[in-house]
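Remarks on the overall topology
Each chain is listed here by its residues.
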Amino acid sequence: MSAAAAHARLADPVPSQAPGINASTNASISADATAEALMRSALAQPASQVVVQLRGVHKTYRLGQHVIPALQGVDLAVQCGELLALTGPSGSGKSTILNLCGLIDTPDRGEIWLGGQSVGGLNETLRTLLRRDALGFVFQSFNLVPVMTVAENVDYPLFIAGVPAAERRERVAAQLAAVGLADHAQHRPDALSGGQRQRVAIARALVKRPRLVIADEPTASLDSHTADQVLDLMRERCHAEGAAFVIATHDSRLTQRCDRIVALLDGRLS
Ligand SMILES: Nc1ncnc2c1ncn2[C@@H]1O[C@H](COP(=O)(O)OP(=O)(O)OP(=O)(O)O)[C@@H](O)[C@H]1O
Ligand SMILES: [Mg+2]
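Predicted, not measured: the structure shown is a model, and the values here were computed from it. (Residues numbered from 1 in each chain as written. Chains lettered and ligands numbered in written order. Predicted model: local features only at pLDDT ≥ 70, side-chain atom pairs only at ≥ 80, totals over all residues.)

Quick look at the environment of Val-52
Residue placement: Val-52 occurs in strand β1 (residues 50-63). Between the alpha carbons of Val-52 and Ile-112 there is a distance of 7.2 Å; along the sequence they are 60 residues apart. Val-52 has contacts with Val-78, Cys-101, Trp-113, Leu-114, Leu-212 and Ala-244, leaving out every residue within four places of it along the chain. (Helix = DSSP H or I, 4+ residues; strand = E, 2+ residues; numbered from the N terminus. Contact = placed C-beta atoms within 7 Å.)

Right, here's the structure in full:
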């Protein structure tokens, strides 16, 4: 199946867990072009070394009678080109922080700043645009589209963003070469190993040239040797591209490959 056919067939090929957008949102987005330009310029500011910042962030979930204080006053700043590991026991709030940084969720109290601008007042359209254009996502389960080739998977965010075809081809080829998968461009994900699939997901996240990549347990489905390789690749790409990576992980060996480790306990930095 061609890329165009696959795009047409899949109403929302970015898996539901992956916060992207589908083509149907493009019309409403154009109405916010001015605000979009403002946000893009805020994110592009070279002077802004802090890519994402949490200021006094609280998040509480409610499940029936139960009140779950997932985050209880978190202050955190992540710099350009920094590979940050978020560690802590299950339930300590790692994914909650990633969801807030990734504009998937909103805090109850406190502020999230991206590229020197608070995102608190943004409407859902602008938050979606930022997720699409400025943020990359990598998940434990890879979240590749099985009916698309490797190249089509990596191309998809650029297609959605309306990047011209010639530029897309060039950027996809460059990313696949950078993650060592140029020879697998026409293969489907089920022909790849777990480590190779995660490399595709990393290429897909980086092809947008995001300022921030969010990775939730990206090596949890991999054996330890492959996990080491994937982490090395993330580290290399993080430093080469100057994007910040925030990685939630349980694996203490992997944190040794990160620039900084932040430990969470009961929704607080410990
Ligand atoms: N959507 C939700 N509804 C209700 N409670 C939630 C929700 N999401 C998270 N929680 C709760 O908030 C707390 C923090 O969860 P979070 O997923 O951030 O932890 P985590 O550190 O990522 O854990 P794990 O290592 O198991 O992935 C937990 O007590 C969790 O049960
Ligand atoms: Mg989690």
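Describing the sheet that holds β1
Through backbone hydrogen bonds, the strands of a sheet pair up, either in parallel or in antiparallel fashion. The 4 strands lie next to each other as β2-β1-β4-β5, forming an open sheet whose pairing is antiparallel. One side of each edge strand has no neighbouring strand; the edge strands of this open sheet are β2 (66-79) and β5 (117-118). Taken together, the 5 bridges between β1 and strand β4 (residues 109-114) define a ladder with antiparallel strand orientation. Its bridge partner lying in β4, Arg-55 is registered against Glu-111. (Pairing = 2+ DSSP bridges.)

Some words on the pairing of strand β6 (residues 135-139)
A large share of β6 lies buried, amounting to 5 of its 5 residues. Two strands pair when backbone bridges link them, and β6 and strand β7 (residues 212-216) are joined in this way by 5 bridges, in the parallel orientation. Along β7, the bridge assignment pairs Val-138 with Ala-215. (Buried ≥ 20, exposed ≤ 12 C-beta atoms within 10 Å, placed from the backbone.)

Observations concerning the confidence of the model for the protein chain
Across the protein chain, pLDDT averages 85, with 82% of residues at or above 70. In the predicted structure, residues 1-31 sits below a pLDDT of 50 and forms 38 contacts with residues beyond four places in sequence or in another chain. (pLDDT = per-residue confidence, 0-100.)

Notes on the sheet that holds β6
The mixed open sheet is built from 6 strands, whose spatial order is β6-β7-β8-β3-β9-β10. Two strands close off the open sheet at either side, each with one partner strand: β6 and β10 (268-269). Running at roughly 170° to β6, helix α8 (residues 194-206) makes contact with β6 and β7 of the sheet. (Axes fitted to C-alpha atoms, helices over the stretch in contact; angles between N-to-C directions.)

A word on the site of ligand 1
Neighbouring residues of ligand 1: 13 residues in total, closest Tyr-61, Ala-70, Ser-90, Ser-95 and Thr-96. Contributing elements (two or more residues each) for the shell around ligand 1: β1, β2 and α4 (94-101). Here the shell around ligand 1 is composed, by residue class, of 5 nonpolar, 7 polar and 1 charged. (Near = placed C-beta within 6 Å. Nonpolar A, V, L, I, M, F, W, Y, C, P; charged D, E, K, R; others polar.)

So, the pairing of β7
When you tally the buried positions in β7, you get 5 out of 5 residues, the bulk of the element. Taking every second residue as pointing to the same face, both faces of β7 are buried, with Leu-212, Ile-214 and Asp-216 on one and Val-213 and Ala-215 on the other. In this sheet, strand β8 (residues 244-248) lies alongside β7 in parallel orientation, the contact comprising 5 bridges. Bridged to Ile-214 within β8 is Val-246. As a crossover connection, the stretch from β7 through helix α9 (residues 224-241) into β8 is right-handed. (Right-handed = clockwise from strand over helix to strand, strands pointing away.)

So, the packing of helix α6 (residues 150-160) against helix α7 (residues 165-178)
Where α6 contacts α7, the two axes come as close as 9 Å, and the packing angle between them is 130°. One finds that α6 runs oblique with respect to α7. Considering the relative orientation of α6 and α7, their crossing is right-handed. Residues Val-150, Ala-151, Val-154, Asp-155, Leu-158 and Phe-159 of α6 lie in contact with α7, whose contacting residues are Arg-168, Arg-171, Val-172, Gln-175 and Leu-176. In terms of residue class, the contact of α6 with α7 is built from 7 nonpolar, 1 polar and 3 charged. (Parallel < 35°, antiparallel > 145°, perpendicular 65-115°, else oblique. Left-handed = near helix turned anticlockwise from the far one by under 90°.)

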